[in-house]
Amino acid sequence: MELEGRGAGGVAGGPAAGPGRSPGESALLDGWLQRGVGRGAGSGEPGACKPPVRQDPDSDPDYEALPAGATVTTHMVAGAVAGILEHCVMYPIDCVKTRMQSLQPDPAARYRNVLEALWRIIRTEGLWRPMRGLNVTATGAGPAHALYFACYEKLKKTLSDVIHPGGNSHIANGAAGCVATLLHDAAMNPAEVVKQRMQMYNSPYHRVTDCVRAVWQNEGAGAFYRSYTTQLTMNVPFQAIHFMTYEFLQEHFNPQRRYNPSSHVLSGACAGAVAAAATTPLDVCKTLLNTQESLALNSNITGHITGMASAFRTVYQVGGVTAYFRGVQARVIYQIPSTAIAWSVYEFFKYLITKRQEEWRAGK
């Protein structure tokens, strides 16, 4: 009887039990062949039996590969926490930056550097003066950064799959950052207007509601978005530079894309510094549009400064070319830890939430 007709008990295509071979020898050869096939596991031969790969229960899940059903929620929660913490921690420096960008500051509000400005504000105006307007900033930063990171992560993945399938595309990173900025600034711009008016020296506003009411009654609802186009003009190149630099540095410092706090902090800090320095002139114009600085208004015949072109013209008329770089020191000093905090907190919560989701799914 030939082995290839034996069904499950034999091996197809095996040698036959010819007249010169006893049934015992055939059975022995059959068993040897079956064991030989078993030993071929992992050899890469066709038909070789491969043992199942066991997942190490103690290994961390790949936090970049988020569960498909919770991706957006994970990004939004991590982004909201990162945005709130970033703005709260760096708010005193942000207050100094706003004042140092003033085109014609009051003599009592002329500062040589960031530390001197912070010390004088606390000494002359009170310990909590640099924190005025923090509540409205935190309220705006949560939803703004939730939209920002969720949109960025989704578009980065989608565009990278189109431009560079299976890899990382700097063009996709920059484009995703630009689109995410549209959502972020739409949610954050009204809070920015209120915050910067409350940060200015001798600001008449002590409460957020007072500022909102005054702006609404005196200038209309459009005043909350007067600087929106300038904000986008500044933030679109800022975020393109920011994300491209961050992802570029991550390829060098963290090529495996694992949770690595030191690489996230370093990449975020460098990316923020480069982007901040490059876009300072636009930030000065944005501050002018938000604050409608009274002394600068005297050089503008229209009464109100509206639009980027008007802001650029006014800045030049008041202070010349150097005025475009007012507060650049404070802006860079603010942005380095700000982006470092944002990225490290965001990546930490993304890692934490993903790990908990994987543990929950494994326990079901």
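Looking at an unreviewed UniProt entry, the protein carries the name Mitoferrin-2 isoform X1, with the source organism given as Trichechus manatus latirostris. Its UniProt record, at the heading Subcellular location (unreviewed entry), says of the protein: "Mitochondrion inner membrane". Its UniProt record, at the heading Catalytic activity (unreviewed entry), says of the protein: "Fe(2+)(in) = Fe(2+)(out)".

Student: If you had to explain the packing of aromatic side chains to someone new, which residues and values would you point to?
Tutor: Pairs of aromatic rings are described using the distance from one ring centre to the other and the angle between the two planes. One pass over the full model with this rule turns up 15 aromatic pairs. A centroid spacing of 5.1 Å and a plane angle of 75° characterise the contact between Tyr148 and Phe149, whose relative ring orientation is edge-to-face. The same class applies to Tyr148 and to Phe149, which are both buried. Aromatic rings pair up to connect Tyr148, Phe149, Tyr152, Phe243, Tyr246, Trp343 and Tyr346 into one cluster.

Student: Account for empty space enclosed by the protein, with residues named and values stated.
Tutor: Throughout the structure, instances matching the rule amount to 3 cavities of 30 Å³ or more. Counted as a void, the largest cavity has a volume near 390 Å³. Around the largest cavity, the lining comprises 26 residues; the ones closest to its centre are Glu86, His87, His184, Gln239 and Gln335. Contributions of two or more residues to the lining of the largest cavity are made by α2 (71-100), α4 (134-163), α5 (170-199), α7 (228-253), α9 (280-291) and α12 (328-362). In terms of residue count, the dominant contributor to the lining of the largest cavity is α12 (7 residues). A class-by-class count of the residues in the lining of the largest cavity yields 8 nonpolar, 10 polar and 8 charged.

Student: Give me the lowdown on the packing of helix α8 (residues 261-278) against α12, citing residues and values where you can.
Tutor: At their nearest, the axes of α8 and α12 sit 7 Å apart, and the two run at 145° to each other. α8 and α12 meet at a crossing whose hand is right-handed. Counted together, His264, Val265, Gly268, Ala269, Gly272, Ala273, Ala275, Ala276 and Ala277 of α8 and Arg331, Val332, Gln335, Ile336, Thr339, Ala340, Trp343, Ser344 and Glu347 of α12 form the full contact between these two elements. Residue composition of the contact of α8 with α12, by class: 10 nonpolar, 6 polar and 2 charged.

Student: Explain unusual backbone geometry to me, using residue names and the numbers behind them.
Tutor: We note that Asn202 has phi near 60°; this positive angle belongs to a residue other than glycine. Its location among the elements puts Asn202 in the loop between α5 and α6 (208-219). Even without glycine at this site, Arg257 takes up a positive phi of about 55°. Secondary-structure assignment places Arg257 in the loop between α7 and α8. Of the residues examined, Arg257 reaches a relative accessible area of 18% and is grouped as buried.

Student: Mind laying out the environment of Ser344, listing which residues take part and the relevant values?
Tutor: Here Ser344 shows up in helix α12. Linking Ser344 and Ser267, residues 77 residues apart in sequence, is a C-alpha distance of 9.5 Å. If sequence neighbours within four positions are ignored, Ser344 has contacts with His264 and Val265. A polar contact of 2.7 Å, which involves the side chain of Ser344, links it to the backbone oxygen of Ala340. Polar side-chain contacts of Ser344 include one of 3.2 Å to the backbone oxygen of Ile341.

About the cut-offs
- Residues numbered from 1 in each chain as written.
- Predicted model: local features only at pLDDT ≥ 70, side-chain atom pairs only at ≥ 80, totals over all residues.
- Heavy atoms only, no water.
- UniProt positions renumbered as here; feature names shortened; annotations may be inferred.
- Phe/Tyr/Trp six-rings, centres within 6.5 Å; stacked < 30°, edge-to-face > 60°.
- Buried < 20%, exposed > 50% of the residue type's maximum accessible area, 1.4 Å probe, protein only.
- 1 Å grid on protein atoms, 1.4 Å probe; cavity = no way out; pocket = protein on both sides within 12 Å on 5 of 7 lines; lining within 4 Å.
- Points joined across faces, edges and corners; volume = space filled by probe spheres on them.
- Helix = DSSP H or I, 4+ residues; strand = E, 2+ residues; numbered from the N terminus.
- Nonpolar A, V, L, I, M, F, W, Y, C, P; charged D, E, K, R; others polar.
- Axes fitted to C-alpha atoms, helices over the stretch in contact; angles between N-to-C directions.
- Left-handed = near helix turned anticlockwise from the far one by under 90°.
- Contact = heavy atoms within 4.5 Å.
- Polar contact = N/O pair within 3.5 Å; in protein donor to acceptor, adjacent residues only side chain to side chain.

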